[in-house]
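Residues per chain are reported as follows:
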2 protein chains.
Amino acid sequence: MAGVRQFDEGLALDKALALFWQKGYAATSMQELAAATGVQRGSLYNAYGDKETLFLRVFDLYRERFVGQMREALDKPRLRDALRGFFGCVIASMTTSMASGMPTRGCLSTKTAVGTEDLEGPLRAALKALLDDIEQVLFERLSREGEQAPLALPPRQAARLIVTFTRGLVVVERVYQDEKRLRATADNLIAVLLGPQ
Amino acid sequence: MAGVRQFDEGLALDKALALFWQKGYAATSMQELAAATGVQRGSLYNAYGDKETLFLRVFDLYRERFVGQMREALDKPRLRDALRGFFGCVIASMTTSMASGMPTRGCLSTKTAVGTEDLEGPLRAALKALLDDIEQVLFERLSREGEQAPLALPPRQAARLIVTFTRGLVVVERVYQDEKRLRATADNLIAVLLGPQ
DNA sequence: GTCAAGATTGACGAAGGTGTCAATCATCGG
DNA sequence: CCGATGATTGACACCTTCGTCAATCTTGAC
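Computed from a predicted model, the values in this text were never measured in an experiment.

1. Regarding the environment of R167(A)
Here comes step 1: When you line up the elements, R167(A) lands in helix α8 (residues 155-176).
Here comes step 2: The buried category is assigned to R167(A), whose relative accessible area is 2%.
Here comes step 3: C-alpha of R167(A) to C-alpha of G115(A): the two residues are 52 residues apart in sequence and 14 Å apart in space.
Here comes step 4: Those residues in contact with R167(A) that lie beyond four places of it in its chain are C107(A), S109(A), T110(A), L131(A), I134(A), G168(B), V171(B) and V172(B).

2. Quick notes on the pattern of salt bridges
Oppositely charged side chains may form a pair once their charged atoms are brought near each other.
Here comes step 1: Considering all chains together, one arrives at 28 salt bridges over all chains under this definition.
Here comes step 2: Note that D75(A) and R144(A) form a salt bridge whose closest N and O atoms lie 3.2 Å from each other. Residue D75(A) is found in the loop between α4 (51-74) and α5 (79-95), and its partner R144(A) is found in the loop between α7 (121-142) and α8; the two are separated by 69 residues along the sequence.
Here comes step 3: A relative accessible area of 54% means that D75(A) is categorised as exposed.
Here comes step 4: Residue classification places R144(A) among the partly exposed positions, given a relative accessible area of 34%.
Here comes step 5: Of the charged contacts, one joins K23(B) and E32(B) as a salt bridge, the two residues approaching to 2.8 Å between their closest N and O atoms.
Here comes step 6: E32(B) gets classed as partly exposed once you look at its relative accessible area, which sits at 29%.

3. Looking at the relation of the copies chain B and chain A
Here comes step 1: Laying chain B over chain A is done by rotating through 180 degrees and shifting 0.0 Å along the axis; what remains is an RMSD of 0.1 Å. Such a combination of rotation and displacement between the chain copies is what one expects of a two-fold axis. Relative to the rotation axis, the closest C-alpha in chain B is found at G168(B), a distance of 1.8 Å.
Here comes step 2: Comparing interface residues between copies, 100% of those in chain B also lie at the interface in chain A; the contact surface is shared.

4. With respect to the packing of α4(A) against α7(A)
Residue and element names in this part refer to chain A.
Here comes step 1: Put simply, α4 and α7 touch, their axes get as near as 10 Å, and they point 10 degrees apart. Regarding the angle of α4 to α7, the classification is roughly parallel. Contacts between α4 and α7 involve E52, F55, L56, F59, Y62, R63, F66, V67, M70, R71 and L74 from the former and P122, L123, A126, L127, A129, L130, D133, I134, V137, L138 and R141 from the latter.
Here comes step 2: Split by residue class, the contact of α4 with α7 holds 17 nonpolar, no polar and five charged.

5. Topic: the interface of chain B and chain A
Here comes step 1: The interface of chain B with chain A comprises 37 residues on the first partner and 37 residues on the second.
Here comes step 2: In this assembly, chain B and chain A are joined by two salt bridges.
Here comes step 3: When the shortest N-O distance is used, the salt bridge between R181(B) and E135(A) registers 2.9 Å.
Here comes step 4: Between chain B and chain A we count 10 residue pairs in polar contact (both at pLDDT 80 or more) in total.
Here comes step 5: Elements with a minimum of two residues in the side of chain B that touches chain A: α6 (108-115), α7 (121-142), α8 (155-176) and α9 (179-194) of chain B.

Rules used throughout
In this numbering scheme, every chain counts its residues from 1 along its sequence in written order. To read the labels, note that chains go from A and ligands from 1, taken in the order they are written. In keeping with the predicted nature of the model, local features appear solely for residues at pLDDT of at least 70, side-chain atom pairs appear and are counted solely at 80 or more, and the whole-chain, interface and lining totals rest on all residues. With hydrogens and water stripped out, all remaining heavy atoms of the structure feed into the side-chain values. Helix numbers and strand numbers start at the N terminus; a helix is a DSSP run of H or I with at least 4 residues, a strand a run of E with at least 2. Throughout, exposure labels follow a simple rule: accessible area from a 1.4 Å probe, protein chains only, divided by the maximum for the residue type, with under 20% read as buried, over 50% as exposed, and the rest as partly exposed. Note on contacts: a residue pair qualifies if any of its non-hydrogen atoms lie within 4.5 Å across the two residues. Each reported salt bridge corresponds to a side-chain nitrogen of Lys or Arg within 4 Å of a carboxyl oxygen of Asp or Glu. Copies overlap after least-squares fitting; the atoms used are the C-alpha atoms of residues with pLDDT of at least 70 in both. All axes are obtained by fitting lines to C-alpha atoms, using only the stretch in contact for helices, and the reported angles, taken between N-to-C directions, cover 0 to 180 degrees. Roughly parallel refers to an angle under 35 degrees, roughly antiparallel to one over 145, roughly perpendicular to one between 65 and 115, and oblique to any angle outside these ranges. Any residue outside Ala, Val, Leu, Ile, Met, Phe, Trp, Tyr, Cys, Pro, Asp, Glu, Lys and Arg is labelled polar, Gly included; the first ten of those are nonpolar and the last four are charged. The term polar contact refers here to a pair of N or O atoms within 3.5 Å; inside protein, the definition further demands a hydrogen-donor-capable atom paired with an acceptor-capable atom, and it admits residues adjacent in sequence only when both atoms are side-chain atoms.

This is how it looks when you write it as structure tokens:
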């Protein structure tokens, strides 16, 4: 076939992800996406149709990577360490800025969930999918056999509590911009779930 | 003095609050504010200078009312009931829609915190003030003397955990739109903080 | 080498945003 | 009743946005 894509799609989606992550779905314009990816606006429209479709494509990338990282972080023998790793990962994912001096990038899914006027259709479905995935990854680790640490809640409920809590961390990060505070609060959640020490 | 304000400021700020709450700070335009309040755009600029200043005025209203409600909800003899009332109040504040069929309005402070590109200056300070207030109200109730229920964390840390968690509830509400789920998750947090039953 | 499928390009229209300003109007003090 | 103070009004300038489209260029297939 002739008429082949001129730009490197993988690269472009990576750049788009970085920008969406930094600015959020609603606040990112196609102009900026064009500038960031090096692909002309018209080409983006031709390739993806519209902003939402492009975003969904990018968001899938994000979900895969994010959930993968969470799964890895949770894969430790002692549950307490696993949860510490998990929260460390969540916190790092939003506070790690690409260059020093830049504002932290926060959380793409939360920005999208809260910053979109009426969240419906594919966008909401994609967010649900992400939160469901994180819940599932947590659930699997929490219900792993041969665990000695006693959990204060049934695994499913604990997983949901943790997912909800991580969304809260994101908001607190925006407002206080204090990583230590985030870590301390996360440690406290671990403490009430698994007991002190 | 002559040249007196023609519109009822209290009424206008109420309407503005409703709109900001529904749409979030960034997504609300002065046009819409003019339409909602019945005050011409030019008059709003004349009276408040710009959108941010108007918002800060409105946000103060919001903070007072919101924190007041939380304080009331927490004023119950048994701590467990107080926290149940608190979460009920938080959940109601975002899921109660003004008219049936309308989308829920969510949480103004969270929308502002997450939906604003780089959160700095007065806006961030206002958000901090709100979260600090809620934390303080919780702290006071949690450290009330003569409390029999044993708290799994020191009051300050418990208060921060709860504040962070409530921010998470907001995000989960946006995505799942399931009030029952919110209540269940909140009950689980109470359970791990105060023990089951 | 030729050709056509389809990607790219840059300009375009329409819509909506913010903030400004001169002209007009309403109101209170005297 | 008059005048001045300041609110109101609607048009204005300027910017950014989205999505489209005809013209142009690239490239693989034959």
